[in-house]
Amino acid sequence: MQKKIIVAGIGPGSEDFISPAALKKIRAAKFLVGGRRALKDFSSANQITCAVTRDLDAPINFIREKILLGEVVVMVSGDPGYYSLLDLLRKNFPPEEIEVIPSVSAIQLAFAKISLPWHDATLLSFHGRQPARDALKFSAGKILGLLTDAEFNSATVSEILLGCGWEKKSSVTICSRLSYPDEKIFTTTLEEAARAEPIKHCVLIVK
Ligand SMILES: C[S@@+](CC[C@H](N)C(=O)[O-])C[C@H]1O[C@@H](n2cnc3c(N)ncnc32)[C@H](O)[C@@H]1O
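Quick caveat, the model's predicted, so the values are computed rather than measured.

Enquirer: What is the right way to read the overall build of the protein chain from this model?
Expert: What the protein chain contains, in helices and strands, is 8 helices and 10 strands. At 18 Å, the protein chain has a C-alpha radius of gyration in line with the 17 Å of a compact globule built from 207 residues. For the protein chain, the spread of C-alpha atoms along the three principal axes comes to 55 × 35 × 30 Å. Look at the contacts in the protein chain between residues 6 or more apart in sequence, and 65% of them connect residues 24 or more apart.

Here it is as structure tokens:
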């Protein structure tokens, strides 16, 4: 079966972290789906586009209609394999019809920024979901890499971790706006982060 839905990662923000393969597909697309920011950054006037908003039926219906006419490229932030629209696409279309093009994930860039390998880290997401408390529990030598959202932000997640047996003095690196000109990365303690101004939609590395 010919792959008709191309899911292309666009990296965490800056074009420096989008793969050339993804960029090539996005530029060549006739039908292009993506968040408003992605469409603003990458679409051109001759492309037929569909914005991904809270109404997730809209892009699914757009794809159903347009794949009858040709390839549809779906842009997702970071890497498609790590908490993206790919889950929903697999529920609606046969996997054989989907081609995934990787790019750099926010989680990869966060670990790279502090020169820390992530092969031993426990990677979990608070973005629109709640990881099982068991997976968050403290153990000696454990490293957590966490996605956050507006509600489960640097402060609320730090508070949750203190309730999961992590010490007040455990280190948390808060990585926000990765790859953008206003990128901010700093390390503090869980106790401080729980009390400080919340930082939303960031990556937390806890150890
Ligand atoms: C729905 S997840 C998408 C993850 C994406 N597929 C990836 O591989 O990076 C969105 C979350 O990723 C993290 N994120 C995405 N871009 C980021 C950036 N530029 N800086 C910091 N965190 C980012 C935030 O935790 C955000 O709430």
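Enquirer: Looking at this structure, I do not really get unusual backbone geometry. What am I missing?
Expert: Trans peptide bonds make up the majority, and among non-glycine residues the majority have a negative phi. The phi dihedral of Tyr83 falls on the positive side, at around 50°, and the residue is not glycine. Position of Tyr83 relative to the elements: it lies in the loop between β4 (72–76) and α4 (86–92).

Enquirer: I tried to follow the pairing of strand β10 (residues 203–206) on my own but got confused; where do I start?
Expert: Note on strand geometry: in a regular strand, side chains alternate between the two faces of the sheet. Side chains Val203 and Ile205 of β10 all project onto a buried face; the interleaved residues Leu204 and Val206 project onto the opposite face, where all are buried too. In this sheet, β10 lies alongside strand β7 (residues 144–147) in antiparallel orientation, the contact comprising 4 bridges. Within the sheet, the bridge partner assigned to Leu146 lies in β10 and is Leu204.

Enquirer: Just to check I follow, could you spell out the sheet that holds β10 for this structure?
Expert: Hydrogen bonds between backbone atoms are what pair the strands of a sheet, whose relative direction is either parallel or antiparallel. As summarised here, the arrangement of the 5 strands in space is β6-β7-β10-β8-β9, forming an open sheet in which the pairing is mixed. If you trace the sheet from one side to the other, it starts and ends with β6 (122–125) and β9 (184–189), each paired once. Adjacent strand axes in the sheet meet at a mean angle of 20°, parallel and antiparallel pairs treated alike. Two elements, strand β8 (residues 171–176) and β9, share 6 bridges in a ladder whose sense is antiparallel. By the bridge assignment, Ile174 is partnered in β9 with Phe186. Set on the sheet, helix α5 (residues 106–113) makes contact with β6, β7, β8, β9 and β10; between it and β10 the angle comes to about 50°. Each of β7, β8 and β10 touches helix α7 (residues 154–162); the most contacted strand, β10, lies at about 30° to it.

Enquirer: So what exactly am I meant to see when it comes to the site of the ligand here?
Expert: Near the ligand lie 24 residues; those nearest to it are Pro12, Gly78, Ser105, Ala106 and Leu178. Contributing elements (two or more residues each) for the shell around the ligand: α5 and β8. Considering only residue class, the shell around the ligand consists of 11 nonpolar, 10 polar and 3 charged. A domain-level breakdown of the shell around the ligand finds at least three residues from each of domain 1 (5–104) and domain 2 (107–206).

Enquirer: Even after reading the chapter, I still don't get the domain arrangement of the protein chain, so can you show me in this structure?
Expert: By a widespread convention, an interface's size corresponds to the accessible area lost as its parts come together. Segmenting the protein chain into domains produces domain 1 (5–104) and domain 2 (107–206). Just the C-alpha atoms count here: the centres of domain 1 and domain 2 sit 27 Å apart. Contacts between the two partners involve 9 residues from domain 1, matched on the other side by 9 residues from domain 2.

Enquirer: Mind showing me how you'd approach the sheet that holds strand β2 (residues 31–34) here?
Expert: Strand order in this open sheet of 5 strands is β3-β2-β4-β1-β5, and the pairing throughout is parallel. One side of each edge strand has no neighbouring strand; the edge strands of this open sheet are β3 (48–51) and β5 (98–101). On average, each strand axis in the sheet is tilted by 20° relative to the strand beside it, whichever way the strands run. Pairing analysis gives 3 bridges linking β2 to β4, with the strands arranged parallel. The residue bridging Phe31 from the neighbouring strand is Val72, located in β4. Set on the sheet, helix α1 (residues 20–28) makes contact with β1 (5–9), β2, β4 and β5; between it and β1 the angle comes to about 130°. Against the sheet, helix α3 (residues 57–66) contacts β1, β2, β3 and β4, and its axis sits at roughly 165° relative to β2.

What counts, and where the lines are drawn
Residues numbered from 1 in each chain as written. Predicted model: local features only at pLDDT ≥ 70, side-chain atom pairs only at ≥ 80, totals over all residues. Helix = DSSP H or I, 4+ residues; strand = E, 2+ residues; numbered from the N terminus. Rg over C-alpha atoms; globule rule 2.2 N^0.38 Å. Contact = placed C-beta atoms within 7 Å. Buried ≥ 20, exposed ≤ 12 C-beta atoms within 10 Å, placed from the backbone. Pairing = 2+ DSSP bridges. Axes fitted to C-alpha atoms, helices over the stretch in contact; angles between N-to-C directions. Near = placed C-beta within 6 Å. Nonpolar A, V, L, I, M, F, W, Y, C, P; charged D, E, K, R; others polar. Domains from an automatic or database assignment.

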